[in-house]
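Below are the chains, spelled out letter by letter.
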Amino acid sequence: MAVAAPLSAEDIASLEAAGLGHIGAKVRALLDRQAHDRHEIEWRDAKIEKLTFEMAQLRRVKFGKKSEQLDAEQKALFDEAVDADLAALEAQLAELMAAKRKDTEPAPERPKRAALPADLPRVERHHEPSDTTCPCGCQMTRIGEDVSEKLDYTPGSFTVERHVRGKWACAKCRTLTQAPVPAEIIDKGLPTSGLLAHVLVAKHSDHLPLYRQEAIFERAGLAIPRSTLAAWVGVCGVRLQPLVDAMKADLLRLPVLHADETPVAMLAPGTGKTHRAYLWAYASGAFETMRAVVYDFTESRSGQHPRSFLGHDNASAWKGSLVCDDYAGYKALFLDGGITEVGCMAHARRKFVELHLTNKSTLAATAIELIGQLYGVEREVKDLPAEDRLRERRTRAVPVAEALLMWLLEYRPKVPDGSATARAMDYSLNRWAALTRYLGDPALPIDNNFDEQQIRPWATGRKNWLFAGTLLAGQRAAAIMSLIQTAKLNGHDPYAYLKDVLQRLPTQRARDIGELLPHRWLRPDLATLR
């Protein structure tokens, strides 16, 4: 059968000239929709191919001979990361395949899981229709029920939530009514949002690897394989990513940001060795009302990574004041224009402190004393309104800063080049404009200590989980840690926050996702009072 060629632009113009413009408009809309659908299909097919390839690569790495060369602890940590990666990729692939699958095609059957142990305590949750009157006017009769069980956990003990959904039928018109299945973060999964939140907080806040959690759960009465725990972490990472993206968008609307980075060991697949990856922390300004930090995990310390995070690869680049250290990777941002460099006085002070501790330098003691006076002013003005803070800085801190600069200029020529004292002085002199920029802007802090504090959880974690198993695992940890640490910054218990978010996220409208961000979230008991 011949297929008619699509109308050209000339054909549509002819229709409009003949007074049939409304037909031309419909045809144009149809052609646009076809082009959009074709683009969506091509993108989805390419994404499916990419995910399938990445999953095949991960499986080869996991079951390859070289992975067996790792010691027992390394192997356990590596397997956790790969299992979580595979689960995350499978979750993304399932969503794409569901969109591609025709409505007439049945979804693939899920394997049936084993029943939960009968000796675990049960708590029943009943779900009944809000109205049991049939549209025909008859009163419906309860004829049965469906029961599903979810595994919950409170520290030290497991319980089982039995979700009972009654079936109500009308004898006259044969209508069957039943409450819908409660939406879950893992569709038809075993764990409650409380158990998932516990696993995530234990892994990313308390720094307990999954093989240790497996042992803890076994003592509580039910051994959950670490591969299962890893799969839960992987899926949760995918589901929570939109929140992290929304929080990053909020962060990049602020005029002042902090930036810092720290090395993190990452396992090189197939070698049994680690190489240096990097964790970047981007935090809201110390005087901003929004308290948030977003982490970015990358394979290297290249300056391209902060450029990408701040959007300087496209037209929507962030512009504002960036508080950071003297790392060269940030320099290109300041050359592009639109970003003002703000130095860290703590770094300048630290060099003199190290000098003083090493040889009791009297020169270093003088610098430490003057910088200490600057910090004394900051301690007193940090809680003042912006106008008052600026006035106090100008009247009290500026004279001290000028005295410090004059001292540096006087004594630097007297110090031999290349000495530790010269290097300490040169650091301050070369960055003087950036170090003292805070004196003229009340929105700027004196140092980058606020962001360095956000790095500490990772420093603590490194002692427990040793390394990131894969790049995907590091990026997933960065996303989940962004939510946990921001919840802490806003005074929230991260377990309570994640439990509520994981419970609400499956039914939350995309346009209202901002309500679930940790800097906007309200505890359920407080939200009801609004």
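Within each chain, residue numbers correspond to sequence positions counted from 1 in written order. Residue-level local features of this predicted model are given only where pLDDT is at least 70; pairs of side-chain atoms are given and counted only at 80 or more, and the full residue set underlies all totals for whole chains, interfaces and linings. Where side-chain values are given, they derive from all heavy atoms of the structure, hydrogens and water being excluded.

### Some remarks on the nonpolar core
By nonpolar core is meant a set of buried Ala, Val, Leu, Ile, Met, Phe, Trp, Tyr and Cys residues that side-chain atoms within 4.5 Å join together. Only protein chains enter the accessibility calculation, which uses a 1.4 Å probe; a residue whose area is less than 20% of its type maximum is buried, one above 50% is exposed, and one in between is partly exposed. Formed by 66 residues in total, the largest nonpolar core has its most connected members in Phe158 and Leu322. For helices the rule is a DSSP run of H or I covering at least 4 residues; for strands it is a run of E covering at least 2, with both sets numbered from the N terminus onward. Looking at which element gives the most residues to this core, the answer is helix H6 (residues 226–251), with twelve residues. Ranked by size, the runner-up nonpolar core spans 35 residues in total, among them Met345, Tyr375, Ala401 and Leu444.

### Describing the pairing of strand E8 (residues 320–323)
Every other side chain in a regular strand lies on the same face of the sheet, so the side chains alternate between the two faces. Two strands make a pair as long as DSSP finds a minimum of two bridges between them. Bridge count between E8 and strand E9 (residues 339–342): four bridges; the pairing is parallel. By the bridge assignment, Val323 is partnered in E9 with Val342. Handedness of the crossover is the feature at issue here: the chain leaves E8, passes through helix H8 (residues 331–336), returns alongside E9, and the resulting connection is right-handed. Note on handedness: a crossover is taken as right-handed if, strands pointing away from the viewer, the path from the first strand over the helix to the second is clockwise.

### A closer look at helix H5 (residues 210–219)
Buried residues of H5: Leu210, Gln213, Glu214 and Phe217, and no others. Along H5, the residues classed as buried sweep out an arc of 105° about the axis, all on the same side. The exposed set on the far side of H5, more than 90 degrees from its buried face, consists of Glu218 and Arg219. Downstream of H5 by a residue or two, Gly221 has a phi angle that is positive, lying close to 120°. Our arc is simply the arc of the directions from the helix axis toward the C-beta atoms.

### Digging into unusual backbone geometry
Even without being glycine, Arg174 reaches a positive phi, approximately 60°. Locating Arg174 in the fold gives a position in the loop between strand E3 (157–169) and strand E4 (176–178). With a phi close to 60°, Lys188 is a non-glycine residue in the positive phi region. Within the secondary structure, Lys188 sits in the loop between E4 and helix H4 (193–204). The class of Lys188 is exposed, set by a relative accessible area of 59%.

### Re the pattern of salt bridges
Throughout this description, the term salt bridge denotes a Lys or Arg side-chain nitrogen within 4 Å of a carboxyl oxygen of Asp or Glu. Overall, the coordinates contain 27 salt bridges when judged by the stated rule. As a salt-bridge pair, Glu124 and Arg162 come within 2.6 Å of each other at their nearest N and O atoms. With Glu124 in strand E1 (residues 122–127) and Arg162 in strand E3, this pair connects stretches of sequence that are 38 residues apart. We classify Glu124 as partly exposed; its relative accessible area is 43%. Glu378 is paired through a salt bridge with Arg393; the nearest N and O atoms lie 2.9 Å apart. Placement of the pair is Glu378 in helix H10 (residues 362–381) and Arg393 in helix H11 (residues 386–411), with a sequence separation of 15 residues. The same class applies to Glu378 as to Arg393, namely buried.

### Some words on the packing of aromatic side chains
In this description, a pair of aromatic rings is defined by centroid distance and the angle of the planes. Whether two aromatic rings pair depends on their centres lying within 6.5 Å, for rings of Phe, Tyr and Trp, where Trp uses its six-membered ring; planes under 30 degrees apart make the pair stacked, over 60 edge-to-face, and the rest tilted. Evaluated as defined, the whole model comprises ten aromatic pairs. Ring plane angle 55° and centroid distance 5.4 Å describe the contact between Phe158 and Phe217, whose orientation is recorded as tilted. Of this pair, Phe158 sits in strand E3 while Phe217 sits in helix H5, and the two are 59 residues apart along the sequence. Taking relative accessible area as the criterion, Phe217 reaches 1% and is therefore assigned buried. When the centroid spacing of 6.1 Å and the interplanar angle of 90° are considered together, the rings of Trp280 and Tyr330 count as edge-to-face. With Trp280 in strand E6 (residues 273–284) and Tyr330 in the loop between E8 and H8, the pair connects residues that are 50 residues apart, well separated along the chain.

### What about the packing of H5 against H6?
With their axes 9 Å apart at the nearest point, H5 and H6 run at an angle of 120° to one another. Between H5 and H6, the angle is such that the two are oblique. Between H5 and H6 lies a crossing whose hand is right-handed. Facing H5, whose interface residues are Leu210, Tyr211, Gln213, Glu214 and Phe217, H6 presents Arg226, Leu229, Ala230 and Val233. Basically, the charged four are Asp, Glu, Lys and Arg, the nonpolar ten are Ala, Val, Leu, Ile, Met, Phe, Trp, Tyr, Cys and Pro, and anything else, Gly included, counts as polar. Residue classes in the contact of H5 with H6 are distributed as six nonpolar, one polar and two charged. Here an angle of 0 to 180 degrees is reported between the N-to-C directions of two axes, which are lines fitted to C-alpha atoms, with helices fitted over the stretch in contact. Any angle that falls under 35 degrees is termed roughly parallel, while one over 145 is termed roughly antiparallel, one within 65 to 115 roughly perpendicular, and all others oblique. By definition, turning the near helix anticlockwise from the far helix through less than a right angle yields a left-handed crossing, and turning it clockwise yields a right-handed one. Residues count as neighbours in contact if any of their non-hydrogen atoms are within 4.5 Å of one another.

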